[in-house]
Amino acid sequence: GEDVEQSLFLSVREGDSSVINCTYTDSSSTYLYWYKQEPGAGLQLLTYIFSNMDMKQDQRLTVLLNKKDKHLSLRIADTQTGDSAIYFCAETVVPGGSYIPTFGRGTSLIVHP
Amino acid sequence: GAVVSQHPSRVICKSGTSVKIECRSLDFQATTMFWYRQFPKQSLMLMATSNEGSKATYEQGVEKDKFLINHASLTLSTLTVTSAHPEDSSFYICSATVRDGYTFGSGTRLTVV
């Protein structure tokens, strides 16, 4: 089955880098996503990575995928107070599994000035 | 990018009444929409998959007679919480499939008093 795990909290100082980690169980995961949720709002897609990639960089965001360990991480460089939010990791398994994403419980990122 | 507009953002209703939540795809056609429920500090739990012109597919444990889903057009899906009770108070989010994954509505905070 599909199961996605994340740590619940991360606290960093403004200007530092943040690294949010996620593990998943299905080795046939095809797409892995990172979403950001600000208080009382829906989810905003930040980035995604296809399972045949090891890394993807998009401005301040770097996604690293370790397929052997089924570990996904999101690094936010130069973290700002506006980055404070809940970050969700999600996976989809296609084909052979549900194409509907399975979400982790979310990591609450708190950025201190 | 593709946008899903969700309304209302907040609603307070009396116990026993019904509440309708709308999700509209603004610049694309959404043949499939997903409805999620999110409890505090929890991940998103898929409630049902809504397909245009056909009956919704509900996840196990979700009462289809209580959570009525209608997807009568390619741009509109609605979720009606019937005979709402305080335990139905939650954050409801819709989502639609887009090219790069999924786009989410901004969510509806339902409070039943």
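Residues take numbers from 1 onward in each chain, read along the sequence in its written order. Each chain takes a letter, starting from A, and each ligand takes a number, starting from 1, following the order in which they are written. Note on the predicted model: pLDDT of at least 70 is required for a residue's local features to be given, and 80 or more for side-chain atom pairs to be given and counted; whole-chain, interface and lining totals, by contrast, use all residues. As a convention, hydrogens and water are excluded, and side-chain values are obtained from all of the structure's heavy atoms.

**Some thoughts on the overall build of chain B**
Alright, step 1. Only runs of H or I of at least four residues qualify as helices and only runs of E of at least two qualify as strands under DSSP, and these elements are numbered from the N terminus. When helices and strands are tallied, chain B shows zero helices and eleven strands.
Alright, step 2. For chain B, whose C-alpha radius of gyration is 13 Å, the value lies close to the compact-globule estimate of 13 Å for 113 residues.
Alright, step 3. Across its three principal axes, chain B shows a C-alpha extent of roughly 40 × 25 × 20 Å.
Alright, step 4. Split into buried and exposed, the 113 residues of chain B put 48% on the buried side.
Alright, step 5. Restricting the contact set of chain B to residue pairs at least 6 apart, pairs at least 24 apart contribute 52%.
Alright, step 6. Exposure was quantified through the Shrake-Rupley algorithm and a 1.4 Å probe, taking into account, for residues, occlusion by the shown protein chains and nothing else. Accessible area for chain B stands at about 5700 Å²; split by element, carbon and sulfur atoms hold 51% of it.
Alright, step 7. For the purpose of counting charges, residues Lys and Arg are taken to be positive, whereas Asp and Glu are taken to be negative. His and the chain ends are not included. Charge positions come from single atoms, namely NZ of Lys, CZ of Arg, CG of Asp or CD of Glu. In chain B, which carries 11 positive and 9 negative side-chain charges, the distance between the mean positions of the two groups comes to 6 Å. Atoms counted for the radius of gyration: C-alpha only. Globule rule: 2.2 Å times residue count to the power 0.38. Exposed residues in this analysis have more than 50% of their type's maximum accessible area, buried residues have under 20%, and partly exposed residues fall in between, with area computed by a 1.4 Å probe over protein chains only. Residue contacts follow a heavy-atom distance rule, with two residues in contact if any of their heavy atoms lie within 4.5 Å.

**Things to note about the environment of Ser17(A)**
Residues and elements named next belong to chain A.
Alright, step 1. Note on placement: Ser-17 falls in the loop between strand S2 (9–13) and strand S3 (18–24).
Alright, step 2. By relative accessible area, Ser-17 is classed as partly exposed at 35%.
Alright, step 3. Distance in space between the C-alpha atoms of Ser-17 and Glu-5 is 21 Å, their sequence separation being twelve residues.
Alright, step 4. If we ignore the near neighbours within four places in the chain, the residues touching Ser-17 are Val-12, Arg-75, Ile-76, Ala-77, Asp-78 and Thr-79.

**Considerations on the side chain of Thr107(A)**
Alright, step 1. Secondary-structure assignment places Thr107(A) in strand S11 (residues 107–112).
Alright, step 2. Judged by relative accessible area, which is 1%, Thr107(A) ranks as buried.

**Examining the interface of chain A and chain B**
Alright, step 1. The interface is formed by 17 residues belonging to chain A together with 19 residues belonging to chain B.
Alright, step 2. Here the quantity called buried area is the total loss of accessible area, with a 1.4 Å probe, experienced by two parts when brought into contact, counted for both. Of the roughly 1500 Å² buried between chain A and chain B on both sides combined, carbon and sulfur atoms contribute 58%.
Alright, step 3. What counts as a salt bridge is simple: a side-chain nitrogen of Lys or Arg found within 4 Å of a carboxyl oxygen of Asp or Glu. If you look at where chain A meets chain B, you find zero salt bridges.
Alright, step 4. Here a polar contact is taken to be a pair of N or O atoms separated by no more than 3.5 Å, where protein atoms must pair a possible hydrogen donor with a possible acceptor and residues adjacent in sequence count only if both atoms sit in side chains. Scanning the region where chain A abuts chain B turns up three residue pairs in polar contact (both at pLDDT 80 or more).
Alright, step 5. For the side of chain A that touches chain B, the secondary structure elements donating two or more residues are strand S4 (31–37), strand S5 (43–50) and strand S9 (85–92) of chain A.
Alright, step 6. Three classes are used: nonpolar for Ala, Val, Leu, Ile, Met, Phe, Trp, Tyr, Cys and Pro, charged for Asp, Glu, Lys and Arg, and polar for all others, with Gly counted as polar. Among the residues making up the side of chain A that touches chain B, the classes are represented as eleven nonpolar, five polar and one charged.

**Observations concerning the sheet that holds strand S1 (residues 4–6) of chain A**
Residue and element names in this part refer to chain A.
Alright, step 1. If you trace the five strands from one edge of the open sheet to the other, you get S1-S3-S8-S7-S6, paired in antiparallel fashion. Only two strands of the sheet have a single partner each, and these edge strands are S1 and strand S6 (55–58). Strand-to-strand twist in this sheet, taken as the mean axis angle between neighbours without regard to direction, amounts to 15°.
Alright, step 2. Any two strands with at least two DSSP bridges between them are considered paired. Pairing analysis gives six bridges linking S3 to strand S8 (residues 71–76), with the strands arranged antiparallel. Across the sheet, the residue bridging to Thr-23 is His-71, located in S8. Comment: axis = line fitted to C-alpha atoms, over the contacting stretch for helices; angle = value between 0 and 180 degrees taken between N-to-C directions.

**A word on unusual backbone geometry**
Residue and element names in this part refer to chain B.
Alright, step 1. Here His-7 and Pro-8 are connected by a cis peptide whose omega angle stands at -5°.
Alright, step 2. Mapped onto the elements, Pro-8 comes out in the loop between strand S1 (4–7) and strand S2 (10–13).
Alright, step 3. Its identity as a non-glycine residue notwithstanding, Ser-83 has a phi of 45°, on the positive side.
Alright, step 4. With respect to the element layout, Ser-83 can be found in the loop between strand S8 (76–81) and strand S9 (90–98).
Alright, step 5. Classification of Ser-83 as partly exposed rests on a relative accessible area of 35%.

**Digging into the environment of Cys23(B)**
Residues and elements named next belong to chain B.
Alright, step 1. Position of Cys-23 among the secondary structure elements: in strand S3 (residues 19–25).
Alright, step 2. The class for Cys-23 is buried, based on a relative accessible area of 0%.
Alright, step 3. In the structure, Cys-23 is positioned 56 residues away from Leu-79 in sequence and 8.4 Å away in space, judged by C-alpha atoms.
Alright, step 4. Contacts of Cys-23, omitting those with residues within four sequence positions, involve Val-4, Ser-5, Gln-6, Met-33, Trp-35, Thr-75, Leu-76, Ser-77 and Cys-94.

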